[in-house]
Amino acid sequence: FKPDNSITRAEFATVLVKAYQLPITSGQVFNDTANHWAKDYISTAAANGIVTGYSSTQFGPDDLITREQMAVMVIRAEGMEAPFNTTTFTDDADIADWAKESVAAASGYGIITGYEDNTFKPKANLTRAEAVTVIARALEK
């Protein structure tokens, strides 16, 4: 399992599709996922509105997922409203504008937490242990 290892965007999309038991669906196939092992999972996640690419042609399946990307994907998978506007993380200003609502919602719903120093570290890579914890918390909501 290697809990301290990072997780890729493709791996996280795959875990979400499996965790939410989504049937494999034809969705967008990005240029860089057409021959990727996770193509069907990424396509299914895209069809369900869980993922988008960096552009209409690039997904970055082998890129390590960041904590802010994870928050967006989990909130989309849950289909949760984002009634929270801000977080109390000391590095809130470092969260990308496109991720702020999702990070605030995931934090507000108790799906994600910050670190002991009250930072979120939005650009940090998500570990496998963090991924499992976040998905388990989301499934309990």
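Located above this text is the structure these notes cover.
What comes next concerns the included structure. (Residues numbered from 1 in each chain as written. Predicted model: local features only at pLDDT ≥ 70, side-chain atom pairs only at ≥ 80, totals over all residues. Heavy atoms only, no water.)

Note that Tyr41 resides in helix α2 (residues 39-47). A relative accessible area of 23% means that Tyr41 is categorised as partly exposed. Tyr41 sits 19 residues away from Leu22 along the chain, and the two C-alpha atoms are 9.2 Å apart. When sequence neighbours within four positions are dropped, the list of residues in contact with Tyr41 reads Thr14, Val17, Lys18 and Ile24. (Helix = DSSP H or I, 4+ residues; strand = E, 2+ residues; numbered from the N terminus. Buried < 20%, exposed > 50% of the residue type's maximum accessible area, 1.4 Å probe, protein only. Contact = heavy atoms within 4.5 Å.)

A separate point is the nonpolar core. For soluble globular proteins, the rule of thumb is that nonpolar side chains tend to be buried together. In this structure, Phe12, Leu16, Met70 and Ile111 are the most contacted members of the largest nonpolar core, which totals 38 residues. Elements supplying a minimum of two residues to this core: α1 (9-19), α2, α3 (67-78), α4 (100-108) and α5 (128-140). Tallying contributions element by element places α3 first for this core, with seven residues. Residues contacting Ile111, with those up to four places away along its chain left out, are Val74, Ile75, Met80, Ala106, Val134, Arg137, Ala138 and Lys141. (Core = buried A, V, L, I, M, F, W, Y, C linked by side-chain atoms within 4.5 Å.)

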